[in-house]
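Residue-level listing of the chains:
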Amino acid sequence: MNGIPMELGLLLSAVLFVLGLIGVMVRRNLIMILMSLEVMLNATGLAFIVAGSRWGQADGQIMFLLILTLAAAEVGVGLGLALQIFHRFHTLDADSVNEMQG
Amino acid sequence: MALILFYITSAVAIFATVMMITRLNAVHGLLYLILSLLAVGVIFFLLGAHFAAVLEVIIYAGAIMILFVFVIMMLNQGQKTINQELAWLQPGIWIGPSLLALVLFAEMVVVIVLGGNAETGQIVNSKQVGVTLYGPYLLAVELASMLLLAGLVGAYHLGKPMLKATSPGRKS
């Protein structure tokens, strides 16, 4: 007995992922980029939970746990990098860090 | 019943995310991001993943967002910050997130009144998760611990030379 169709859950997950992707591509503030990355990771976690709920297996929640650890580590390192960039360039604009001319 | 709650919560999540990526001020975006994460936590509950819902609220909306708040506060200093604080106390800014949070709270009240489960999906309880986590997924747990250790060392290393680089600058 599942009250929520799997397609709706996956659709919500896709919409949230695309919104996060738009945020990453459009915004140039480093903090906002990291926050949009959080939304994307969260959307993938939602997809795993929906699949795990559909088949009644615990694997979906375990994948969500692993994504959670990944997000925690990513935020720690990413915010450290943002602090470094702010103290060296005195701005949080992602376009200002183009000294490598890549 | 669960389907109606799912529709309302999805609308809250999508609206909060859209508002998040369109805010100019990072703190305003952060408020909406917390709302989005809480809404996804409610959806986890509606899908029967209670353990994941609790983790979403405690770790995502709690611990990780606290990190963001710390960094945003560290990067604002001086008179500009005081003006910002004054601007943040205006009611127009927190009224939107508060209304969305009220919607989620009303859903929680509805679920409690209906007897605590609201015909959710297949419930995968935390015992099943724990047994599977420390059974077939033991190696993944070890890898996650290594990843967290690497993140800890990386964050420490990235935070440390900042003090060396800025302390002579402040004296001169």
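Higher on the page you've got the structure.
Residues numbered from 1 in each chain as written. Chains lettered and ligands numbered in written order. Predicted model: local features only at pLDDT ≥ 70, side-chain atom pairs only at ≥ 80, totals over all residues. Heavy atoms only, no water.

### A word on the interface of chain A and chain B
Using the following cut-off: Should any heavy atoms of two residues lie within 4.5 Å, those residues are considered in contact. Accessible area, probed at 1.4 Å, shrinks when two parts are joined; the buried area is that loss added up over both. By definition, a salt bridge exists where a carboxyl oxygen of Asp or Glu is found within 4 Å of a side-chain nitrogen of Lys or Arg. The definition of a polar contact used here is a pair of N or O atoms within 3.5 Å, where within protein one atom must be able to donate a hydrogen and the other to accept one, and adjacent residues in sequence count solely through side-chain atom pairs. Secondary structure elements follow DSSP: runs of H or I of four or more residues count as helices, runs of E of two or more count as strands, with numbering from the N terminus. Here the nonpolar group is Ala, Val, Leu, Ile, Met, Phe, Trp, Tyr, Cys and Pro; Asp, Glu, Lys and Arg are the charged ones; every other residue, Gly included, is treated as polar.
Every contact between the two is made by 58 residues of chain A and, on the other side, 58 residues of chain B. Summing both sides of the interface, chain A and chain B together bury roughly 5,200 Å²; the carbon and sulfur share of this comes to 79%. At the junction of chain A with chain B, the criterion picks out zero salt bridges. In this structure, the connection of chain A to chain B is made through seven residue pairs in polar contact (both at pLDDT 80 or more). If you list the elements that add at least two residues to the side of chain A that touches chain B, you get α1 (6-26), α2 (30-55) and α3 (59-89) of chain A. Of all the elements, α3(A) adds the most residues to the side of chain A that touches chain B, at 23 residues. Across the side of chain A that touches chain B, the residue classes tally to 37 nonpolar, 17 polar and four charged.

### Quick word on the packing of aromatic side chains
In plain terms, the rule: Note on ring pairs: Phe, Tyr and Trp rings are taken, using the six-membered ring of Trp, and paired if centres are within 6.5 Å. Classes follow the plane angle, with under 30 degrees stacked, over 60 edge-to-face and the rest tilted. Only protein chains enter the area calculation, which uses a 1.4 Å probe; residues under 20% of their type maximum are buried, those over 50% are exposed, and those in between are partly exposed.
Using the criterion set out here, one finds two aromatic pairs over all chains in the structure. Here the aromatic rings of A:F64 and B:F44 are separated by 5.0 Å at their centres, their planes lie at 80 degrees, and the arrangement is edge-to-face. Remark: B:F44 occurs in helix α2 (residues 26-46) and A:F64 occurs in helix α3; the pair is interchain, linking two chains. A residue is classified by how much of its surface remains accessible, and A:F64, at 1% relative accessible area, is buried. Between B:F6 and B:Y7, the ring centres sit 6.3 Å apart and the planes meet at 55 degrees, which makes this aromatic pair tilted.

### Re α1(A)
Short version of the rule: Multiplying one less than the number of residues by 1.5 Å gives the expected span of a helix. Directions pointing from the helix axis toward each C-beta atom define the arc.
With 21 residues, α1(A) ought to run about 30 Å at 1.5 Å a step, and its terminal C-alpha atoms sit 30 Å apart, in line with that. Along α1(A), the residues classified as buried are A:G9, A:L12, A:S13, A:L16, A:L19, A:G20 and A:G23. All buried residues of α1(A) lie within an arc of 125 degrees about the axis, which places them on one face of the element. Along α1(A), the residues that are exposed and aim more than 90 degrees away from the buried face are A:E7, A:L11, A:M25 and A:V26. Next to the buried residues of α1(A) lie α2 of chain A together with α1 (2-22) and α2 of chain B.

### Regarding the nonpolar core
Rules: Think of a nonpolar core as a cluster: buried Ala, Val, Leu, Ile, Met, Phe, Trp, Tyr and Cys residues, connected wherever their side-chain atoms sit within 4.5 Å.
Grouped together as the largest cluster of nonpolar side chains are 69 residues, with contacts concentrated most on A:I31, A:L46 and B:F68. Residue assignment for this core shows that the elements contributing at least two residues are α1, α2 and α3 of chain A together with α1, α2, α3 (50-74), α5 (91-113) and α6 (126-133) of chain B. The dominant element in this core, judged by the number of residues it contributes, is α2(B), at twelve residues.

### Considerations on the environment of B:Q128
Considering the arrangement of structural elements, one finds B:Q128 in helix α6. Ignoring anything within four residues of it in the chain, the contact list for B:Q128 reads A:G56, A:A58 and B:I123.

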